[in-house]
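Spelled out from the first residue to the last, the chains are:
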Amino acid sequence: QVQLVESGGGLVQPGGSLRLSCAASKINFSVYFMGWYRPAPGKQRELVATITSGGLSNYVDSVKGRFTISRDNAKNTAYLEMNSLKPEDTAVYYCNANFPSPVPGLYDYWGQGTQVTVSS
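Residues take numbers from 1 onward in each chain, read along the sequence in its written order. With pLDDT at 70 or above as the cut-off, local features in this predicted model cover only qualifying residues; side-chain atom pairs require 80 or more to be listed or tallied, and sums for whole chains, interfaces and linings still use all residues. With hydrogens and water stripped out, all remaining heavy atoms of the structure feed into the side-chain values.

Visitor: Break down the sheet that holds strand β1 (residues 3–7) for me, with residues and values.
Guide: Being paired, for any two strands, means DSSP has found at least two bridges between them. In this text, helices come from DSSP runs of H or I with a minimum length of four residues, and strands from runs of E with a minimum of two, each type numbered from the N-terminal end. Pairing is antiparallel in the open sheet, where four strands are placed in the order β1-β3-β8-β7. Edge positions in the sheet fall to β1 and β7 (67–72), since each of these pairs with one other strand and no more. The mean angle between the axes of side-by-side strands here comes to 15 degrees, regardless of whether they run parallel or antiparallel. In this structure, strand β3 (residues 18–25) lies alongside strand β8 (residues 77–82), joined through six bridges in antiparallel fashion. When the sheet's bridge partners are listed, Ala23 is paired in β8 with Thr77. The angle between two axes is taken between their N-to-C directions and runs from 0 to 180 degrees, where each axis is a line fitted to C-alpha atoms and a helix contributes only its stretch in contact.

Here it is, written out as structure tokens:
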């Protein structure tokens, strides 16, 4: 079955950096849109960053200029480089793999999440 396994979370001081990884298996990784999400007030999860199969990226305003999403199709892995971290970035970060389909959710997969804590 499809698996997305996140790693790289942890405790970091404000202003520090972390790199999250999301290793995918049992999907044709290169054609999937990859994304990182976190819980947000009033929402189940907010989009943090996404990257298309062609490498185009998009970010929520609060992380622009600080976070960078990337992918390595040879390794079936997506990354989220997080710099200048702030306490408000503290959350469980979830990896998502999505392939657009006429049937919503048909090719939509989630990882188990990795905790990021920003605190002094």
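Visitor: For the state of the cysteines, give the residues involved together with the corresponding values.
Guide: Here, disulfide denotes a covalent bond that connects the sulfur atoms of two cysteines. Disulfides are defined as pairs of cysteine sulfur atoms found within 2.5 Å of each other. Enumeration according to the criterion identifies one disulfide in this entry. Each sulfur in the disulfide pair Cys22 and Cys95 lies 2.0 Å from the other. Its S-S torsion of about -80 degrees marks the bond between Cys22 and Cys95 as left-handed, since a negative value means left-handed. With a gap of 73 residues between them, Cys22 in strand β3 and Cys95 in strand β9 (residues 91–98) connect regions that are remote in the sequence. Pair check on accessibility: Cys22 and Cys95 agree, each one buried. The buried label applies to any residue whose accessible area, calculated with a 1.4 Å probe on protein chains only, is under 20% of its type's maximum; exposed applies above 50%, and partly exposed to all values in between.

Visitor: Account for the environment of Glu81, with residues named and values stated.
Guide: Inspection of the secondary structure puts Glu81 in strand β8. Here the alpha-carbon distance between Glu81 and Ser70, two residues eleven residues apart in the chain, equals 8.1 Å. Here a residue-residue contact requires only that any non-hydrogen atoms of the pair lie within 4.5 Å. In this view, Glu81 contacts Leu18, Arg19, Arg66, Phe67 and Thr68; residues no more than four positions away in its chain are not counted.

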